[in-house]
Amino acid sequence: VNAPTVNNSNEFTVGPTFDLKPLPWTLFRLAYKHSWRDAPNYDQLDKKFFEAKRSRGRVSLFSEITPSETLSLHAGFEFTGETYPGTTLGTQNDFNYSPSIGLVYAPAEWIKFFADYNWDRSDWKLDARATITNSATAWTSRGRDQVNTVTLGSDVDIIPGLLGLKLQYGYSDGVSKVSASGNAGGTPRASNYPSIINRWHEFLVRLEYNLHKNVGLN
């Protein structure tokens, strides 16, 4: 019989955002948010680790430089750190890093090209065991997920103000690695997982018809 799930949970988030424009053609944005989530009546035997009490901090950096009317460059970085205080089973922490760069080039009013590169990485730690009181069968898993993504595309005004076309291609290459240790003398034995490699191709074609300046169909 599964243990009952958490019926109610409260999360509070606070944090400032700063926009700086030292020059008319530059923008720098810095943001920080911290959130706390409670989990009354959370039962570790339920193993719904995503429902546990959590503390999260997130830092975001963004910059945009527009050296000319036809070219815009941007870069960003985001870090998210999560911990699960008071939890002995399940996810102990999770740290995510996401830097990115990109550009937009508009040689004419009716067309623009864009390109972006993103690198995402997640490091996590998980504690698992057969029972809370039996440490002989406990083990610790550590994982790392990484994804590289490249996106290229263009926006074209086929009929300016009325009909637009967007073409976009994206390619992602990801790898997941999990290592496990512990449970000396226990069964089953902890062992590393083979690396998992994923590759994605995505091609997007979108037409947008503007019925009104504030209403469109795509």
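From a predicted model like this one, the values you see are computed outputs, not experimental measurements.

1. Side note on the overall build of the chain
- For the chain, the count of helices and strands is zero helices and eleven strands.
- Walking the chain from its N terminus toward its C terminus, one meets helices and strands in the order β-β-β-β-β-β-β-β-β-β-β.
- Going through the 218 residues of the chain one by one, you find that 27% of them count as buried.
- Counted over contacts in the chain with a minimum sequence separation of 6, partners at least 24 positions apart contribute 54%.

2. A few points about a nonpolar patch on the surface
- On the surface, a nonpolar cluster with roughly 590 Å² of combined accessible area is contributed by Leu23, Trp25, Ile65, Leu73, Leu103, Tyr105 and Phe113.
- Checked against the element boundaries, Phe113 lands in strand β7 (residues 111-128).
- Here Phe113 falls in the partly exposed class, since its relative accessible area comes to 37%.

3. Structural notes on the pairing of strand β4 (residues 54-68)
- Pairing of strand β3 (residues 26-37) with β4, which is carried by twelve bridges, proceeds in the antiparallel orientation. The residue of β4 that forms the bridge with Arg29 is Phe62.
- Where β4 lies against strand β5 (residues 71-83), twelve bridges are found, and the strand directions are antiparallel. Counted as the bridge partner of Phe62 is Gly76 from β5.
- Counting the residues between successive antiparallel strands, the hairpin from β4 to β5 contains two residues.

4. Some details on the packing of aromatic side chains
- In this structure the tally under the stated criterion is two aromatic pairs.
- With centroids separated by 6.3 Å and ring planes inclined at 10°, the aromatic side chains of Phe79 and Phe95 adopt a geometry described as stacked. Of the two residues, Phe79 is situated in strand β5 and Phe95 in strand β6 (residues 90-108); the sequence distance between them amounts to 16 residues.
- You can call Phe79 partly exposed: its relative accessible area is 25%.
- A centroid spacing of 5.2 Å and a plane angle of 45° characterise the contact between Phe79 and Tyr97, whose relative ring orientation is tilted. Here Tyr97 lies in strand β6 and Phe79 lies in strand β5, a separation of 18 residues in the sequence.

5. Here's the deal with the environment of His34
- Within the element layout of this structure, His34 appears in strand β3.
- Given a relative accessible area of 17%, His34 falls into the buried group.
- C-alpha of His34 to C-alpha of Phe12: the two residues are 22 residues apart in sequence and 8.2 Å apart in space.
- Here His34 is in contact with Phe12, Thr13, Val14, Ser55, Arg56 and Gly57, once residues within four sequence places are set aside.
- Within the local environment of His34, its side chain forms a polar contact with the backbone oxygen of Arg56, the two atoms lying 3.4 Å apart.

6. Looking at the pairing of strand β10 (residues 196-212)
- In this sheet, β10 lies alongside strand β9 (residues 163-182) in antiparallel orientation, the contact comprising 14 bridges. Its bridge partner being in β10, Gly164 is matched across the sheet by Glu208.
- The antiparallel pairing of β10 with strand β11 (residues 215-217) creates a hairpin that spans two residues between the two strands.

7. A few points about the side chain of Ser72
- By the element assignment, Ser72 lies in strand β5.
- At 3.3 Å, the side chain of Ser72 forms a polar contact with the side chain of Glu64.
- Each residue touching Ser72, except ones within four places of it in the same chain, is listed here: Glu64, Ile65, Thr66, Gly102, Leu103 and Val104.

About the cut-offs
Residues numbered from 1 in each chain as written. Predicted model: local features only at pLDDT ≥ 70, side-chain atom pairs only at ≥ 80, totals over all residues. Heavy atoms only, no water. Helix = DSSP H or I, 4+ residues; strand = E, 2+ residues; numbered from the N terminus. Buried < 20%, exposed > 50% of the residue type's maximum accessible area, 1.4 Å probe, protein only. Contact = heavy atoms within 4.5 Å. Patch = residues over 30% accessible without salt bridge, like charges linked within 9 Å, V, L, I, M, F, W, Y side chains within 5 Å. Areas by Shrake-Rupley, 256 points an atom, 1.4 Å probe, with all protein chains shown as cover. Salt bridge = Lys/Arg side-chain N within 4 Å of Asp/Glu carboxyl O. Pairing = 2+ DSSP bridges. Phe/Tyr/Trp six-rings, centres within 6.5 Å; stacked < 30°, edge-to-face > 60°. Polar contact = N/O pair within 3.5 Å; in protein donor to acceptor, adjacent residues only side chain to side chain.

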